[in-house]
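Below, each chain spelled out in residue letters.
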Amino acid sequence: MKSRMNKEMGEVGGSYRSYGLRVSRALLLLLLSVSCWPVYAVAAASSLCISTCGGCPCKSDKFKMRLVILEDSERVAEWAARYIIKRINDFSPGPNKFFVLGLPTGGTPLGTYRKLVQYHKAGKISFKYVKTFNMDEYVGIPRDHDQSYHSFMWENFFKHIDIDPANAHVLDGNAPNLETECQQYEEKIKEAGGIELFMGGIGPDGHIAFNEPGSSLVSRTRVKTLNQETITANARFFGNDMSKVPKQALTVGVGTVMDAREVMVLVTGSHKAYALHMAIEEGVNHMWTVSAFQQHPRTIMLCDEDATLELKVKTVKYFKTLHDIHSCLMDQEPQ
Amino acid sequence: MPSIASSSIVQFKNCRLVRGRTIVKDDFWVRGGRIINPEPVFFEEKVQADLTVDCHDALICPGFIDIQINGGYGYDFSSDLDKLEEGVSTVAKGILSTGVTSFCPTVVTSPSSVYHEVLPRLKRTPGGKEGAGILGIHLEGPFISPEKKGAHPPEFIQKIEGIDKVHDIYGNLDNVGLITIAPELPGALEVIHHLRSKGIKVSVGHSNGNLEDGEAAVNNGASFITHLFNAMLPFHHRDPGLVGLLTSQRINQPVHYGIIADGIHTHPAALRIAHRTHPKGVVLVTDAMAAMGLGEGHHHIGQMEVLVKGQKAQLVGTNTLAGAIVTMDSCVRHFIKEAGVTVVEAIEAATLHPAQVMGMDHLKGTLDFGSDADFLLLSDKGPLKVLNTFIGGECVYAAPGAHCIEYTQQRPLEEKVFS
């Protein structure tokens with residue numbers, strides 16, 4: 001099962017046991033690092049770890065960055081939903097063992113939520129033993145404002161499923177003390193046992209949640225002032241009245257998401273293509289905060305074709321050859 | 001029907017709602033006899049529903065409101081005074097099957113003694129398993145035009161003379177919600193103004209008045225026209241009469257108008273003309289009389305004798321219609337079929353609009369959060385059919401053949417969720 005999962009997830013590397021091979025592998029690693037293929041380098045490093053460990057209990061799939069490229073955003077939504085369902089069901093949550101899920105808002109994950117609701121209504125997944133933590137929320141707009149992230153989650157997800165309301169956590173942008181609210185949020189995540197899987201999107205400027213360019217890569221949940229571009233882009237949802245557009249938001253930090261045991265970033269559309277390039281083909285840089293996940297032990301970048309338009313052909317070709325292996329997930333409906 | 005604890009949250013699922021002037025697919029939440037918003041229940045109270053009900057894709061709409069009904073099932077609210085309570089409760093219970101959850105028992109032109117006897121006894125009631133709720137009495141007369149009396153007894157028609165006389169004739173008006181008056185009668189405008197100041201709604205009807213009389217009445221507080229077209233001057237292109245109120249530009253607020261959509265009192269073409277002229281004003285009323293629900297034969301309305309043949313009820317020895325024997329759900333179906341209106345428009349004419357006339361639309365006539373949970377489960381596969389009637393969140397009627405309302409416990413009481 002596990003090795004099949006490894007194959008499905010498109011891991012690079014095998015197990016090199018002989019010393020000679022280990023040396024040449026180290027040289028290869030050096031060469032690869034120089035040629036700026038961090039993805040490949042991480043994958044190679046993981047296999048290096050395995051061979052030097054020589055029988056240690058670390059799992060062969062412990063460290064990986066996976067780039068899954070699917071035809072369009074519809075398939076991305078389907079894959080993401082199936083992956084979440086699979087992870088939850090494989091985890092076998094129960095009254096003493098909750099699955100903790102981190103969740104985003106916005107246009108990109110909308111399709112995923114729809115699919116999750118469909119599968120829930122078809123009896124394939126229950127959220128009874130799932131806890132959720134949303135990434136962010138605006139400061140100062142009423143919770144039931146139609147643009148609030150509470151409203152988004154309620155309309156698109158929570159109202160259709162069987163999650164216990166006490167386990168659905170969203171930052172309170174109207175809390176009397178915002179700093180305390182942020183601290184308490186971090187504590188709640190810790191009390192829940194940490195986040196098992198954090199789903200997120202990516203902004204055109206490479207931001208994750210409201211961690212906009214220049215945010216610290218070790219940041220925690222905090223109050224952020226929104227940049228002018230974001231405020232202008234949001235104006236259309238607030239009747240084009242700039243005075244009504246929120247200027248601040250509460251957001252989980254890059255560090256908060258990095259603490260999750262697994263991260264799945266959805267990237268769809270050509271307007272995200274450059275951000276994806278900066279996220280995985282260039283260095284780790286706080287101007288493109290999602291690049292931090294190059295250093296996360298277990299990340300999936302889930303993309304459609306359009307999102308890969310700024311990647312090197314060889315990057316895309318490499319990961320596409322692994323398609324056959326991980327497309328099994330798409331072939332099988334959740335049980 | 002199982003009795004549900006008043007604090008239980010009930011979630012109706014797998015249903016469509018008539019809400020916000022359209023039909024939406026959404027769940028419907030009820031607690032403590034009120035329609036509630038589930039969003040704060042989720043985020044503030046952090047609890048789930050206690051019970052769920054599968055509606056099998058039924059259409060949920062507000063309960064119908066009939067603001068003109070004179071009796072039914074053999075009882076008449078203006079006579080048989082010793083059986084008044086029995087009559088009202090029989091009618092209130094009987095009309096639940098027609099989808100009516102609130103009504104205005106109507107008293108036609110009668111001698112003063114009848115008003116003094118009846119008015120104190122017909123109190124407003126909330127409605128429930130025992131029957132539809134009473135929103136207030138509708139007094140249709142006696143201050144009407146003798147030329148437009150319809151089926152009303154001419155000997156009890158009164159001139160107004162003054163506010164004091166009106167009080168003398170009626171007696172205690174505490175239980176009265178709506179009064180129909182002919183606006184051209186001398187003294188009418190003063191009386192209309194006075195009644196409005198006392199919180200009683202006023203309607204113009206049974207009138208020989210022209211448009212100016214009607215406009216003056218509206219500008220003094222009248223807000224309704226009793227059974228448009230019937231018992232008033234017909235529309236004329238140089239003299240529109242009260243019908244002209246539908247488009248008058250000289251009134252300070254738009255009026256609502258009652259229409260008996262039974263296919264007998266109003267020609268379908270007239271129904272369409274009225275609706276297209278002023279769609280937001282149409283109010284379906286039954287104007288049902290004692291023979292409703294009984295079938296053919298001799299019955300009485302007010303102090304008169306009536307013959308029922310087929311769907312028609314006429315005064316014995318004349319061709320004058322004696323009132324209707326139609327039910328509200330029939331009116332809704334007829335309205336959709338003959339006027340070509342949408343299901344939502346027809347339902348609003350039987351719910352939102354009458355609630356607006358009575359000034360009760362904050363609590364009745366809609367599925368808005370905070371309203372009383374008076375609602376219907378309808379089947380709309382084919383002509384609209386009432387499947388279940390609910391008052392205050394409790395099922396008070398189930399049509400034969402309708403799915404049973406099954407309350408599913410959301411989670412066992414002894415189970416705790418560990419965090």
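So, how was this worked out
- Residues numbered from 1 in each chain as written.
- Chains lettered and ligands numbered in written order.
- Predicted model: local features only at pLDDT ≥ 70, side-chain atom pairs only at ≥ 80, totals over all residues.
- Heavy atoms only, no water.
- Contact = heavy atoms within 4.5 Å.
- Buried area = accessible area lost by both parts, 1.4 Å probe.
- Salt bridge = Lys/Arg side-chain N within 4 Å of Asp/Glu carboxyl O.
- Helix = DSSP H or I, 4+ residues; strand = E, 2+ residues; numbered from the N terminus.
- Buried < 20%, exposed > 50% of the residue type's maximum accessible area, 1.4 Å probe, protein only.
- Axes fitted to C-alpha atoms, helices over the stretch in contact; angles between N-to-C directions.
- Parallel < 35°, antiparallel > 145°, perpendicular 65-115°, else oblique.
- Left-handed = near helix turned anticlockwise from the far one by under 90°.
- Nonpolar A, V, L, I, M, F, W, Y, C, P; charged D, E, K, R; others polar.
- Arc of directions from axis to C-beta.
- UniProt positions renumbered as here; feature names shortened; annotations may be inferred.
- Lys, Arg positive; Asp, Glu negative; His and termini not counted.
- Polar contact = N/O pair within 3.5 Å; in protein donor to acceptor, adjacent residues only side chain to side chain.
- Core = buried A, V, L, I, M, F, W, Y, C linked by side-chain atoms within 4.5 Å.
- Domains from an automatic or database assignment.
- Phe/Tyr/Trp six-rings, centres within 6.5 Å; stacked < 30°, edge-to-face > 60°.
- Lys NZ or Arg CZ within 6 Å of the ring centre and 35° of its normal.

*Asks:* I would appreciate a short explanation of the interface of chain B and chain A in the present structure.
*Replies:* By convention, interface size is frequently given as the accessible area that disappears when the constituent parts associate. Listed per partner, the contact involves 16 residues of chain B and 19 residues of chain A. The contact between chain B and chain A buries some 1500 Å² in all, and 59% of this surface belongs to carbon and sulfur atoms. Linking chain B with chain A are three salt bridges, by the criterion used here. In this structure, the salt-bridge partner of A:Lys159 is B:Asp26, at a minimum N-O distance of 3.3 Å.

*Asks:* Looking at this structure, I do not really get the pattern of salt bridges. What am I missing?
*Replies:* Pairs can form between side chains of opposite charge whenever their charged atoms are close. Summed over all chains, the structure comprises 33 salt bridges over all chains. Between A:Glu78 and A:Lys115 there is a salt bridge, with its nearest N and O atoms 3.3 Å apart. Taken together, the positions of A:Glu78 in helix 4 (residues 73-91) and A:Lys115 in helix 5 (residues 110-121) put the pair 37 residues apart, joining distant regions of the chain. What makes A:Lys115 buried here is its relative accessible area of 12%. Here B:Arg333 makes a salt bridge to B:Asp329, at a shortest N to O gap of 3.4 Å. Taken as a pair, B:Arg333 and B:Asp329 lie in helix 8 (residues 328-339) at a separation of four residues, close to a single helical turn. Taking the relative accessible area as the measure of exposure, B:Asp329 reaches 12% and is therefore buried. Each of A:Arg66, A:Arg87, A:Glu196, A:Arg261, A:Glu262 and A:Arg298 takes part in salt bridges that share partners, so that together they form one network.

*Asks:* When you look at the packing of helix 4 of chain A against helix 5 of chain A in this model, what are you seeing that I'm missing?
*Replies:* Helix-helix packing is characterised by the crossing angle of the two axes and by the distance between the axes. Residues and elements named next belong to chain A. In contact at an axis separation of 8 Å, helix 4 and helix 5 are set at 50° when each is read in the N-to-C sense. It follows that helix 4 is oblique to helix 5 by the angle criterion. Helix-helix and strand crossings are classified by hand; for helix 4 and helix 5 the assignment is right-handed. Contact residues: helix 4 offers Glu74, Ala77, Glu78, Ala80, Ala81, Arg82, Ile84 and Ile85, while helix 5 offers Gly111, Thr112, Lys115, Leu116 and Tyr119. Of the residues that constitute the contact of helix 4 with helix 5, the class distribution is seven nonpolar, two polar and four charged.

*Asks:* Could you clarify how one ought to interpret helix 11 (residues 313-320) of chain A in this entry?
*Replies:* Owing to its 3.6 residues per turn, the α-helix brings residues three or four apart onto one side. Residue and element names in this part refer to chain A. Taken together, the buried positions of helix 11 are occupied by Thr315, Val316 and Phe319. Across the axial projection of helix 11, the buried residues extend over an arc of 95°, all falling on one side. When the buried face of helix 11 is taken as reference, the exposed residues oriented beyond 90 degrees from it are Val313 and Lys317.

*Asks:* Please explain the UniProt feature "domain: Glucosamine/galactosamine-6-phosphate isomerase" (unreviewed entry) in chain A as it appears in this structure.
*Replies:* Mapped onto the present numbering, the UniProt feature "domain: Glucosamine/galactosamine-6-phosphate isomerase" (unreviewed entry) falls on residues 72-296 of chain A. A distance of 26 Å separates the end C-alpha atoms of residues 72-296 of chain A, which is 32% helix and 14% strand.

*Asks:* Can you walk me through the side chain of B:Asp76 in this structure?
*Replies:* Residue and element names in this part refer to chain B. For aspartate 76, the location among the structural elements is in strand 8 (residues 75-76). Summary of buried charges: aspartate 76 has no salt-bridge partner, and the nearest side chain of opposite charge, lysine 83, is 11 Å away. Side-chain polar atoms of aspartate 76 contact the side chain of serine 79, separated by 2.7 Å.

*Asks:* Is there a simple way to explain the nonpolar core in this structure?
*Replies:* Nonpolar side chains tend toward joint burial in soluble globular proteins. Residues B:Ile67, B:Phe103 and B:Leu139 are the most contacted members of the largest nonpolar core, which totals 105 residues. Looking at which domains feed residues into this core, each of domain 1 (9-62 + 367-409) and domain 2 (64-357) of chain B gives three or more. Residues within four places of B:Ile67 in sequence aside, it is in contact with B:Cys104, B:Thr106, B:His138, B:Leu178, B:Phe224, B:Val283, B:Val285, B:Pro354, B:Val357 and B:Met358. Core analysis: the second largest hydrophobic core is formed by 41 residues, A:Phe133, A:Val252, A:Ala307 and A:Leu311 among them.

*Asks:* Looking at this model, I keep getting lost on the packing of aromatic side chains. Mind explaining?
*Replies:* One pair of aromatic rings is described through two measures. These are the centre distance and the angle between the planes. All names here are of chain A. For the coordinates displayed, the defined rule picks out 26 aromatic pairs over all chains. With a centroid separation of 5.8 Å and an interplanar angle of 80°, the aromatic rings of phenylalanine 98 and tyrosine 129 are classed as edge-to-face. You can see phenylalanine 98 sitting in the loop between helix 4 and strand 2 (99-103) and its partner tyrosine 129 sitting in the loop between helix 5 and strand 3 (130-134), a full 31 residues away along the chain. Relative to tyrosine 149, the ring of tyrosine 138 lies with its centre 4.9 Å away and its plane at 40°, an arrangement referred to as tilted. Placement of tyrosine 138 in strand 4 (residues 136-138) and of tyrosine 149 in helix 6 (residues 149-156) is noted, with a sequence separation of 11 residues between them. On the accessibility criterion, tyrosine 138 (4% relative accessible area) is buried. According to the relative accessible area criterion, tyrosine 149 is buried, its value standing at 14%. Sitting above the plane of the phenylalanine 91 ring, lysine 97 keeps its charged end 4.5 Å from the centroid. Above the face of the phenylalanine 98 ring, lysine 131 is positioned so that its terminal group lies 4.9 Å from the ring centre.

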